[in-house]
Amino acid sequence: MNRNILYLLPLLLSIGLALASVTSCGMGSKEEQDTTAWGYKAPPAIPMNRSITGDSMGLIDNAEIHRLPTYIEQRPLKEIFNDSNALQLVAAEANGIKPITSLRDAYHIDKPLIRIYSCDAYMLDDLTASVPYLVPKAAQLLKEIGYAFQDSVRKRGGKAYRIKVTSLTRTDYSVGKLRRRNLAATENSCHRYGTTIDISWVKFDCLDPSMVVSLEDLKNILAEVVQDFRRQGRCYAIFERKAGCLHITVR
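Throughout this description, residue numbers start from 1 for each chain and increase along the sequence as written. Given that the model is predicted, a residue must reach a pLDDT of at least 70 before its local features are reported, and side-chain atom pairs must reach 80 or more before they are shown or counted; all residues, however, enter totals for whole chains, interfaces and linings. Where side-chain values are given, they derive from all heavy atoms of the structure, hydrogens and water being excluded.

Comment: elements are numbered from the N terminus, with helices defined as DSSP H or I runs of at least four residues and strands as E runs of at least two. Within the protein, the secondary structure is distributed over seven helices and eight strands. Accessibility here uses a 1.4 Å probe with only protein chains present; expressed as a share of the type maximum, an area under 20% marks a residue as buried, one over 50% as exposed, and anything in between as partly exposed. Looking at the protein residue by residue over its 251 residues, the buried ones come to 43%. Taking as baseline every contact in the protein between residues at least 6 positions apart, the subset at least 24 positions apart corresponds to 74%. In this description, accessible areas are obtained by the Shrake-Rupley approach with a 1.4 Å probe, and a residue is regarded as covered only by the protein chains that are shown. Taken as a whole, the protein presents about 13600 Å² of accessible surface, with 55% of it coming from carbon and sulfur. Any pair of residues with heavy atoms lying within 4.5 Å of one another is described as a contacting pair.

This part is about the nonpolar core. Nonpolar cores were defined as sets of buried Ala, Val, Leu, Ile, Met, Phe, Trp, Tyr and Cys residues, with membership established by side-chain atoms within 4.5 Å. Core analysis: the biggest nonpolar cluster contains 52 residues, and Ile145, Phe149 and Leu222 have the highest contact counts within it. With eight residues, the top contributor of residues to this core is helix H7 (residues 215-231). Sequence-distant contacts of Leu222, defined by excluding residues within four places in its chain, comprise Ile145, Phe149, Ile163, Ile199, Ser200, Trp201, Phe204 and Leu246.

Here we take up the packing of aromatic side chains. Any two of the Phe, Tyr and Trp rings considered here, Trp counted by its six-membered ring, make a pair once their centres fall within 6.5 Å; the pair's planes then place it as stacked at under 30 degrees, edge-to-face at over 60, or tilted in between. One pass over the full model with this rule turns up two aromatic pairs. A centroid spacing of 5.5 Å and a plane angle of 15 degrees characterise the contact between Phe149 and Phe204, whose relative ring orientation is stacked. Within this pair, whereas Phe149 is found in helix H5 (residues 136-155), its partner Phe204 is found in strand S6 (residues 196-206), the two being separated by 55 residues in sequence. The exposure class of Phe149 is buried, given its relative accessible area of 0%. Pairing Trp201 with Phe239 gives two aromatic rings, centres 4.8 Å apart and planes at 25 degrees, and the pair type is stacked. Highlighted residues: Trp201 in strand S6 and Phe239 in strand S7 (residues 235-240), separated in sequence by 38 residues. Take Trp201 and Phe239: they sit in the same class, and that class is buried.

Turning next to H5. With 20 residues, H5 should cover 28 Å at 1.5 Å per step; its first-to-last C-alpha distance of 29 Å lies within 8% of that length. Of the positions making up H5, those classed as buried are Ala138, Ala139, Leu141, Leu142, Ile145, Gly146, Phe149, Gln150, Ser152 and Val153. One side of H5 carries all its buried residues, which in axial view fall inside an arc of 165 degrees. Note on H5: the residue one or two positions beyond its end, Gly157, has a positive phi of about 105 degrees. To estimate the expected span of a helix, count its residues, drop one, and scale the result by 1.5 Å. Note that the arc is computed from the directions linking the helix axis to the C-beta atoms.

Glancing now at the pattern of salt bridges. We define a salt bridge as a contact between a side-chain nitrogen of Lys or Arg and a carboxyl oxygen of Asp or Glu at a distance within 4 Å. Scanning the model with the defined rule gives eleven salt bridges in all. Note that Glu79 is salt-bridged to Arg75, the shortest N-O span being 3.8 Å. When its relative accessible area of 43% is taken as the criterion, Glu79 is described as partly exposed. Notably, a salt bridge pairs Asp83 with Arg230, separated by 2.8 Å at the nearest N-O pair. Of the two residues, Asp83 is situated in the loop between helix H3 (77-80) and helix H4 (85-95) and Arg230 in helix H7; the sequence distance between them amounts to 147 residues. In this structure, Asp83 and Arg230 share a single accessibility class: buried. When salt bridges that share partners are traced, they join Glu73, Arg75, Glu79 and Arg231 into one network.

This brings us to the environment of Tyr161. Inspection of the secondary structure puts Tyr161 in strand S5 (residues 161-167). You can call Tyr161 buried: its relative accessible area is 1%. Considering only alpha carbons, one finds Tyr161 and Cys206, 45 residues apart in sequence, at a separation of 4.7 Å. For the purposes of these results, a polar contact is taken to be a pair of N or O atoms within 3.5 Å, where, inside protein, one atom must be able to donate a hydrogen and its partner to accept one; residues adjacent in sequence count only when each atom of the pair is a side-chain atom. Looking at Tyr161, its side chain comes within polar contact range of the main-chain nitrogen of Val213, at 2.8 Å.

Printed below as a string of structure tokens:
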């Protein structure tokens, strides 16, 4: 091989890598590109910035953190949010759809379902065992919880955060699939009725990484917000430690 070409190879390689990096920018995620729904279109994409995460065995703050005041009752959240599955199931059956075998069956239900997208109020996490649809009443509750959480964080000195939604409506198929992986999952899940939402208390979407808030404080502020809606008679909720979420059913 010509010696001059050998000298040029490192330069050509670096130029090629730079071009590949530029051409990959601006491509939306699968979630951002998805616009299929029953007459609904995805809203403008919200920038996905760093997330503050923890694990189900204990909270992990992974950056320089700021503390915010919180006012939740000084007792375990498992004791505060203890509405049983049986109680939530009554509300789910009263407010929800008839459970469906697959998403295709949703076209034949009596009550409407609304397609849920990530928006400025909340972010959808990977919905591995559910589909992003809710009855209108539950969709409205989710939006109000998201905005109330953001307002509470800002009023206490924090910056932009979104809650993360980890589970929505489950079909009979997805419930069966989940139960094969998780023996604790119930067969008659409230998620089958389009009325139930799982909101993570170990993962939040940080839209402004210039100020990272303590994960413990974010969890407690979320708990305050959900407790307020619960006291208003808007929902039932249970604190799920292993799943790392608040399991909420609209009333």
